[in-house]
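Spelled out from the first residue to the last, the chains are:
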Amino acid sequence: MIDFSLDPQMEELRTRAREFVRDIVVPREHDPRQDRHGPSDELRLELVAQARSAGLLSAHAPVEWGGLGLDHRGRALLLEEAGYSPIGPLALNVQAPDEGNTNLLEKVATPEQKERFLRPLVSGEQRSAFCMTEPDGGAGSDPRLLRTTATPDSRGGYVLNGRKWLITGFPGARFVIVMARTLDDTGRDLGASMFLFDTERAGMTMVGQLNTMDNNSPGGHAIVDFEDVRVGADEVLGEVGRGFRYAQLRLGPARMTHCMRWLGAARRCHDIAVDYARERHAFGKRLGDHEGVGFMLADNEMDLHSSRLLIWQACWLLDQGARAREETSMAKVYCSEALSRVVDRSVQILGGRGITDHTVVERIYRDIRSFRIYDGPSEVHRWALARSIVDEPGGREAGMK
Ligand SMILES: Cc1cc2nc3c(=O)[nH]c(=O)nc-3n(C[C@H](O)[C@H](O)[C@H](O)COP(=O)(O)OP(=O)(O)OC[C@H]3O[C@@H](n4cnc5c(N)ncnc54)[C@H](O)[C@@H]3O)c2cc1C
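These figures come from a predicted structure and were not determined experimentally.

Let's shift gears to empty space enclosed by the protein. In the structure shown here, the tally under the stated rule is one cavity of 30 Å³ or more. Residue classes in the lining of the largest cavity are distributed as four nonpolar, five polar and three charged.

The final tally for this structure, using the stated rule, is four aromatic pairs. With a centroid separation of 4.8 Å and an interplanar angle of 55°, the aromatic rings of Phe117 and Phe175 are classed as tilted. Highlighted residues: Phe117 in helix α6 (residues 111–122) and Phe175 in strand β6 (residues 175–183), separated in sequence by 58 residues. Using a relative accessible area of 0% as the deciding quantity, one classes Phe175 as buried. Aromatic side chains Phe371 and Tyr374 sit 6.1 Å apart centroid to centroid with 35° between the ring planes, which places their arrangement in the tilted category. For Phe371, a relative accessible area of 0% corresponds to the buried category.

Before going further, it helps to examine helix α2 (residues 41–53). The terminal C-alpha atoms of α2, which comprises 13 residues, lie 18 Å apart, in line with the 18 Å expected from a rise of 1.5 Å per residue. Of the positions making up α2, those classed as buried are Leu43, Arg44, Leu47, Val48 and Ala51. The arc that holds every buried residue of α2, seen down its axis, measures 130°, which confines them to one face. Looking at the packing, one finds that the buried side of α2 touches α1 (8–25), β1 (34–35), β2 (38–39) and α4 (88–91). Of the residues flanking the end of α2, it is Gly55, one or two places downstream, whose phi is positive at about 70°.

Quick look at the side chain of Thr102 now. For Thr102, the position within the fold is in helix α5 (residues 98–108). The residues touching Thr102, leaving out its near neighbours within four places in the chain, are His60, Ala61, Leu118, Leu121 and Val122.

Before going further, it helps to spend a moment on the site of the ligand. In the vicinity of the ligand lie 18 residues, with Phe130, Thr133, Ser141, Leu166 and Thr168 positioned nearest. Backbone polar atom of Leu166 to a nitrogen atom of the ligand: 3.0 Å apart, as the coordinates give it. Here Thr168 contributes a side-chain N or O atom positioned 2.7 Å from a nitrogen atom of the ligand. Taken by itself the ligand offers 980 Å² of open surface, and the protein chains cover 65% of this. Elements represented by at least two residues in the shell around the ligand include exactly β3 (128–131), β5 (158–168) and α11 (378–391). Split by domain, the residues of the shell around the ligand number at least three in each of domain 2 (128–240) and domain 3 (244–400).

Note: strand β4 (residues 149–152) against β5, four bridges, orientation antiparallel. Looking across to β5, one finds that Thr149 is bridged to Asn161. Linking β4 back to β5 in an antiparallel pair, the connection comprises five residues, with Gly156 at a positive phi of about 90°.

Moving on to the packing of helix α7 (residues 243–279) against helix α10 (residues 361–368). Between α7 and α10, the shortest axis-to-axis distance is 10 Å and the interhelical angle comes to 145°. Where α7 crosses over α10, the handedness of that crossing is left-handed. For the pair α7 and α10, the contacting residues are Trp262, Ala265, Arg268, Cys269 and Ile272 in the first and Val361, Ile364, Asp367 and Ile368 in the second. Classifying every residue of the contact of α7 with α10 by side-chain character gives seven nonpolar, no polar and two charged.

Turning next to the domain arrangement of the protein chain. Each assigned domain of the protein chain is listed here: domain 1 (8–122), domain 2 (128–240) and domain 3 (244–400). Centre-to-centre, using C-alpha coordinates, domain 1 lies 21 Å away from domain 3. On the domain 3 side, the residues contacting the 31 residues of domain 1 number 28 residues. Carbon and sulfur atoms supply 59% of the area that domain 1 and domain 3 bury against each other, a total of about 2500 Å² over both sides. On the domain 1 side of the interface with domain 3, the three residues burying the most area are Arg73, Glu80 and Tyr84, jointly 30% of the side's total. Linking domain 1 with domain 3 are six salt bridges, by the criterion used here. Between Arg261 and Glu99 there is a salt bridge, and its shortest N-O distance comes to 3.5 Å. Counting across the domain 1 and domain 3 interface gives 15 residue pairs in polar contact (both at pLDDT 80 or more). Contributing elements (two or more residues each) for the side of domain 1 that touches domain 3: α3 (72–83) and α5. Of the residues forming the side of domain 1 that touches domain 3, the biggest block, nine residues, is contributed by α3.

Reading the values: the criteria
- Residues numbered from 1 in each chain as written.
- Predicted model: local features only at pLDDT ≥ 70, side-chain atom pairs only at ≥ 80, totals over all residues.
- Heavy atoms only, no water.
- 1 Å grid on protein atoms, 1.4 Å probe; cavity = no way out; pocket = protein on both sides within 12 Å on 5 of 7 lines; lining within 4 Å.
- Points joined across faces, edges and corners; volume = space filled by probe spheres on them.
- Nonpolar A, V, L, I, M, F, W, Y, C, P; charged D, E, K, R; others polar.
- Phe/Tyr/Trp six-rings, centres within 6.5 Å; stacked < 30°, edge-to-face > 60°.
- Helix = DSSP H or I, 4+ residues; strand = E, 2+ residues; numbered from the N terminus.
- Buried < 20%, exposed > 50% of the residue type's maximum accessible area, 1.4 Å probe, protein only.
- Expected span 1.5 Å × (residues − 1).
- Arc of directions from axis to C-beta.
- Contact = heavy atoms within 4.5 Å.
- Near = heavy atom within 4 Å.
- Polar contact = N/O pair within 3.5 Å; in protein donor to acceptor, adjacent residues only side chain to side chain.
- Areas by Shrake-Rupley, 256 points an atom, 1.4 Å probe, with all protein chains shown as cover.
- Domains from an automatic or database assignment.
- Pairing = 2+ DSSP bridges.
- Axes fitted to C-alpha atoms, helices over the stretch in contact; angles between N-to-C directions.
- Left-handed = near helix turned anticlockwise from the far one by under 90°.
- Buried area = accessible area lost by both parts, 1.4 Å probe.
- Salt bridge = Lys/Arg side-chain N within 4 Å of Asp/Glu carboxyl O.

Shown next as structure tokens:
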């Protein structure tokens, strides 16, 4: 039985976050320190300082590392509030990829690595990047195509070679987590490993910044080359050869936090569309009184409500310690598509205004598109789910028993 009740402390925290986003964050949405590669770090740090004073920083991170230590359902509430503004997740320090990297470091890093990398990440002083995807036929939807290599050097460390792209937040990040195919002295493939090190490293170069549809991440998305980059044995994250396992560990909760943030963003668009449908008149009545518009608003409510339920169910399972792989996968596909529909209908209800920057809907419309692609495109999730349906004797439900 899923428990939907909230304790009074959580209610209070959610109200505080809602008011903070409304009063402090939303008025900064037109701050000029933003370009097509996202908000500047100066703006980010100002917002983070204000969220810190309001006691709202890093909902997902454990208390011992400086976060609020909320469970998955608590995160769902706070990240939805953060997502209400495109710069809200930055302010509350719950933005990708830092939020996913925090969870990964907390689970896998050594105590020394945590002190050095996790603490400043949770406090919002530093940003990080996660380097997995590769251009030109390398790792993407299929991570097994990983081409970047880590070969052993004579000092017990490794030498990295390869090219990564679509690396969110690389410009300005203080450290990186890099996924590479690890070879032993004889050239035998030991599988993928993760490496954790700072960005001031010889041989690691940003080749370019990509011009993309979205602009909600500081630094945007970069192409990064690794040419004989030396890393020490103490810069391996976790164990050699377990990189794909760790990637899954990172991705499950990270998929859910994307759903939470985009739920807030879609709710914002819907609220703006509702206001317009109430005020604007055409053909003798309010827009909202026309069935065509009223039905779009009703469909928005249904998509928002069902997305929230799926998020809550997957979070509840995660809070029980369940694997919930299929549930997070289904939630990711459903929310990315349903919430995109909400944003699209909101543009439609706003008419010509919807495609202008007179409302934030236009920005969210551009930003949300990639949600159906990253952390597993919808088709890959459907394909994996289909395999589990077909392969499990008695169907997926039987396989879950
Ligand atoms: C905004 C954004 C931010 C990102 N940030 C990062 C980051 O910080 N770090 C990082 O490492 N990567 C990042 N990525 C990359 C992201 O993880 C990849 O784009 C994603 O994994 C898909 O890989 P690909 O782009 O190579 O697409 P491809 O692998 O080329 O796939 C293209 C399309 O083929 C289809 N397809 C693939 N496999 C199947 C299948 N089995 N069945 C049916 N259809 C299929 C899907 O429609 C898919 O969209 C980011 C991407 C975006 C858009």
